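This is what each chain is made of:
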Amino acid sequence: GAVVASAVVAGNTLVAAIERMEARQGARKGLEIIAGKASAARVAKEALALAKQQGIARDETFKTASGLVGAGGAPAKAVPVLRALAGLGAMGGASTEGMKRAMVNIQQIAGNGQLMGDELKEMQQDGIMIRQALKEAGLAARTGDQKNPIKWSELEAALIKWGESGQAAELLKIRASMT
C-alpha cells in the first residue's frame, strides 16, 4: 500500500514537472518567434534570475515576461516591469499566490492596452502596491477615469521608473534576503 502510494505521488510529481517544462519551452519558442532567438534567451535568463532571486514562481515569471513581449512590448522592458512588480509586492507583503495573480493581471493589462479597475483592485488586495508607482508617475488621479484611462504604455513606463528607484532596490534586496 505505502509503496504504491509513494509511486503514485512520484509519478504525479514527474508528470507535473514535465508539463511545466513543456509550457516553458512553448513560451520560449513563441518568444523566439516574436523577438528573435537572442532577445528570447536574454529575457529567459533575466526572468528566471529574477524569479530565483525574489523567490517567486519561475514558470509564471517566464510566461509573464513572454506574454508582455507577445502583447507588443519591447523585450528589454519585460523583466524591468516584473522587477518593479516584485518590488511593489515586497512593499505590500504580497504572498507567492498574490504575485502569481499580479503577473496574470499585468499580462491582461498589457493585452488590453489599458489599466482596468478590476485588475488594479485585485493587485491592491493581493498586496501589490501599484498605486505607489502610479502616484509617483503623476497618474493616480486618472485611476478609474473612463474618458482618459491609463494606457499600458504609461503604466509600463511608471513601473519601470519606479523599479529603477532606490526604494525598489532596497525592497528587492530585503525580499531576496528572506528567500
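Read on for a plain summary of the structure.

Here is what the cut-offs are and how they apply
Residues numbered from 1 in each chain as written. Predicted model: local features only at pLDDT ≥ 70, side-chain atom pairs only at ≥ 80, totals over all residues. Heavy atoms only, no water. Helix = DSSP H or I, 4+ residues; strand = E, 2+ residues; numbered from the N terminus. Contact = heavy atoms within 4.5 Å. Areas by Shrake-Rupley, 256 points an atom, 1.4 Å probe, with all protein chains shown as cover. Expected span 1.5 Å × (residues − 1). Buried < 20%, exposed > 50% of the residue type's maximum accessible area, 1.4 Å probe, protein only. Core = buried A, V, L, I, M, F, W, Y, C linked by side-chain atoms within 4.5 Å. 1 Å grid on protein atoms, 1.4 Å probe; cavity = no way out; pocket = protein on both sides within 12 Å on 5 of 7 lines; lining within 4 Å. Points joined across faces, edges and corners; volume = space filled by probe spheres on them. Nonpolar A, V, L, I, M, F, W, Y, C, P; charged D, E, K, R; others polar. Salt bridge = Lys/Arg side-chain N within 4 Å of Asp/Glu carboxyl O. Axes fitted to C-alpha atoms, helices over the stretch in contact; angles between N-to-C directions. Parallel < 35°, antiparallel > 145°, perpendicular 65-115°, else oblique.

## With respect to the overall build of the chain
Moving on, step 1. Helix and strand content of the chain: nine helices and zero strands.
Moving on, step 2. Considering only contacts in the chain between residues 6 or more positions apart, those separated by 24 or more positions represent 65%.
Moving on, step 3. Summed over its atoms, the accessible surface of the chain is roughly 9400 Å², and 56% of this surface lies on carbon and sulfur atoms.

## A closer look at helix H5 (residues 96–112)
Moving on, step 1. Between the first and last C-alpha of H5 there are 24 Å, a value that for 17 residues agrees with the 24 Å anticipated at 1.5 Å per step.
Moving on, step 2. Looking only at H5, the buried set comprises Gly98, Met99, Ala102, Met103, Asn105, Ile106, Ile109 and Ala110.
Moving on, step 3. Directly beyond the C-terminal end of H5, a positive phi value near 85° is found at glycine 113.

## Quick notes on the nonpolar core
Where a protein is soluble and globular, its nonpolar side chains tend to be buried together.
Moving on, step 1. One finds Ile106, Leu155 and Leu159 to be the most contacted residues of the largest nonpolar core, which totals 43 residues.
Moving on, step 2. Counting residues per element, the ones that place at least two in this core are helix H2 (37–54), helix H3 (58–70), helix H4 (75–92), H5, helix H6 (117–125), helix H7 (130–136), helix H8 (152–163) and helix H9 (166–178).
Moving on, step 3. Per element, the largest residue contribution to this core is eight residues, and it comes from H4.

## Here we look at the layout of surface pockets
Moving on, step 1. Each pocket or cavity is described by its volume, and for the largest pocket that value is around 150 Å³.
Moving on, step 2. Along its surface, the largest pocket is lined by Gln114, Leu115, Met116, Gly117, Leu120, Arg142, Thr143, Gly144, Asp145, Gln146, Pro149 and Ile150.
Moving on, step 3. In terms of residue class, the lining of the largest pocket is made up of five nonpolar, five polar and two charged.

## So, the pattern of salt bridges
Moving on, step 1. Tallied over the entire structure, the rule returns five salt bridges.
Moving on, step 2. Ionic pairing is found between aspartate 126 and arginine 101, a salt bridge with its closest N-O pair at 2.7 Å. You can see aspartate 126 sitting in the loop between H6 and H7 and its partner arginine 101 sitting in helix H5, a full 25 residues away along the chain.
Moving on, step 3. Residue classification places aspartate 126 among the buried positions, given a relative accessible area of 14%.
Moving on, step 4. Residue arginine 101 is classed as partly exposed on the basis of its relative accessible area, which comes to 35%.

## Observations concerning the packing of H5 against H8
In helix packing, the relevant descriptors are the interaxial angle and the interaxial distance, both defined with respect to the helix axes.
Moving on, step 1. Two numbers describe how H5 lies on H8: the axes approach to 8 Å, and their chain directions differ by 135°. With respect to their mutual orientation, H5 and H8 come out oblique. Facing Ile106, Ile109 and Ala110 of H5, the residues of H8 in contact are Trp152, Leu155 and Leu159.

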